[in-house]
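The residues making up each chain are set out below.
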Amino acid sequence: MTTEEFLEIMNRGEVIPAGSPVHEAMHRLSQEAIRITMEINNSYHTHDEIVALWSELTGQPADPTFNMFPPFTTDCGKNMHIGRRVFINSGCRFQDQGGIYIGDDVLVGHNCVIATINHIEEPDRRGDMVTAPVRIGSKVWIGANVTILPGVTVGDGAILAAGAVVTKDVEPRTVVGGVPAKALKRI
């Protein structure tokens, strides 16, 4: 299975049975992502080197305005779509098989987790997975230790307060916080 075929299936949100060819492709891409993120995380790199490694990780050219502070981990890498002037702080973990879309001018705080996969609730099928993309608009500020769950869309200009667990869509120019995150105010 090619990476393109894998991404088409993942982007359709189909159930991925444990042990299936799609699951095996997921594992193959995870191993590649581990190799590249180990390179990112285990020695110093200039900004240009980070951009080049990010391009290798995602399989698409990173904008030269992209910046990040390692360490960073992902278990795929090939389904991340990052805008211009995006900064990702240290300790972030992106699970991108279901698709992560980040607009321009986004700040991602320390230890942010973005998840795009859930397991099936039925105990006999718990190893099966289903994906849903996370979409983050432009000019969003994601605080430290925020977790964003599968299927969430964050509107332009929103702020996700430190420690928030975002389980539902966030309206543009809205500050959310808490567990689960709730709207705190409009800006």
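The structure we're discussing is the one just above.
So, a few notes on the structure that sits alongside this text.

## Some points on the overall build of the protein chain
Logical step 1: For the protein chain, the count of helices and strands is three helices and 19 strands.
Logical step 2: With respect to the three principal axes, the spread of C-alpha positions in the protein chain is 45 × 45 × 25 Å.
Logical step 3: Burial statistics for the protein chain: of 187 residues in total, 45% are counted as buried.
Logical step 4: Of the contacts formed within the protein chain by residues at least 6 apart in sequence, a portion of 28% connects residues at least 24 apart.
Logical step 5: Of the roughly 9100 Å² of accessible surface on the protein chain, 55% is carried by carbon and sulfur atoms.

## Topic: the sheet that holds strand β16 (residues 159-160)
Logical step 1: Strand order in this open sheet of seven strands is β2-β5-β8-β13-β16-β18-β19, and the pairing throughout is mixed. Of all the strands in the sheet, just β2 (67-68) and β19 (182-186) have a single pairing partner and so form its edges.
Logical step 2: Sheet topology note: the strand β8 (residues 107-108)/strand β13 (residues 141-142) ladder contains two bridges and is parallel. What sits directly across from Val-108, in β13, is Ile-142.

## A look at the pattern of salt bridges
Logical step 1: Using the criterion set out here, one finds six salt bridges in the structure.
Logical step 2: When the shortest N-O distance is used, the salt bridge between Asp-105 and Arg-85 registers 2.6 Å. Note that Asp-105 is positioned in the loop between β7 (100-102) and β8 and Arg-85 in the loop between β4 (80-82) and β5 (87-88), a separation of 20 residues in sequence.
Logical step 3: Take Asp-105: its relative accessible area is 26%, and that puts it in the partly exposed class.
Logical step 4: For Arg-85, a relative accessible area of 38% corresponds to the partly exposed category.

## Quick notes on the environment of Cys-112
Logical step 1: Relative to the elements of secondary structure, Cys-112 occurs in the loop between β8 and β9 (113-115).
Logical step 2: Overall, Cys-112 belongs to the buried group, its relative accessible area being 0%.
Logical step 3: Counting along the chain gives 63 residues from Cys-112 to Glu-49, while the straight-line C-alpha distance between them is 23 Å.
Logical step 4: Here Cys-112 is in contact with Gly-91, Cys-92, Arg-93, Phe-94, Ile-142, Asn-145 and Val-146, once residues within four sequence places are set aside.

## Details of the nonpolar core
Logical step 1: Ranked by internal contacts, the top residues of the largest apolar core, which has 37 residues, are Ile-88, Phe-94, Ile-136, Ile-142 and Ile-148.
Logical step 2: Elements with a minimum of two residues in this core: α2 (21-41), α3 (47-58), β6 (92-95), β7 and β12 (134-136).
Logical step 3: Looking at this core element by element, the count peaks at five residues for α3.
Logical step 4: Setting aside its immediate chain neighbours within four residues, Ile-142 contacts Val-106, Leu-107, Val-108, Gly-109, Cys-112, Ile-136, Ile-148 and Leu-160.
Logical step 5: Counting 12 residues, the second-largest nonpolar core is a separate cluster that includes Ile-9, Ile-16, Ala-25 and Ile-117.

## Structural notes on the environment of Ile-36
Logical step 1: When you line up the elements, Ile-36 lands in helix α2.
Logical step 2: Residues Ile-36 and Thr-58, 22 residues apart in the sequence, show an inter-C-alpha distance of 10.0 Å.

## Examining the packing of helix α1 (residues 3-11) against α2
Any two packed helices are characterised by how steeply their axes cross, that is the angle between the axes, and by the distance between the axes.
Logical step 1: One way to put it is that α1 packs onto α2 with a least axis distance of 10 Å and a crossing angle of 115 degrees. By crossing handedness, the relation of α1 to α2 is classed as left-handed. Facing α1, whose interface residues are Thr-3, Phe-6, Ile-9 and Met-10, α2 presents Val-22, Ala-25, Met-26, Arg-28 and Leu-29.
Logical step 2: Residue composition of the contact of α1 with α2, by class: seven nonpolar, one polar and one charged.

## Brief notes about the pairing of β6
Logical step 1: Taking every second residue as pointing to the same face, the buried face of β6 carries Cys-92 and Phe-94, while none of Arg-93 and Gln-95 on the other face is buried.
Logical step 2: Of the pairings in the sheet, the one linking strand β3 (residues 72-74) to β6 comprises three bridges and is parallel in character. By the bridge assignment, Thr-73 is partnered in β6 with Arg-93.
Logical step 3: As paired elements, β6 and β9 share three bridges and run parallel to each other. Bridged to Phe-94 within β9 is Ile-114.

Rules used throughout
- Residues numbered from 1 in each chain as written.
- Predicted model: local features only at pLDDT ≥ 70, side-chain atom pairs only at ≥ 80, totals over all residues.
- Heavy atoms only, no water.
- Helix = DSSP H or I, 4+ residues; strand = E, 2+ residues; numbered from the N terminus.
- Buried < 20%, exposed > 50% of the residue type's maximum accessible area, 1.4 Å probe, protein only.
- Contact = heavy atoms within 4.5 Å.
- Areas by Shrake-Rupley, 256 points an atom, 1.4 Å probe, with all protein chains shown as cover.
- Pairing = 2+ DSSP bridges.
- Salt bridge = Lys/Arg side-chain N within 4 Å of Asp/Glu carboxyl O.
- Core = buried A, V, L, I, M, F, W, Y, C linked by side-chain atoms within 4.5 Å.
- Axes fitted to C-alpha atoms, helices over the stretch in contact; angles between N-to-C directions.
- Left-handed = near helix turned anticlockwise from the far one by under 90°.
- Nonpolar A, V, L, I, M, F, W, Y, C, P; charged D, E, K, R; others polar.

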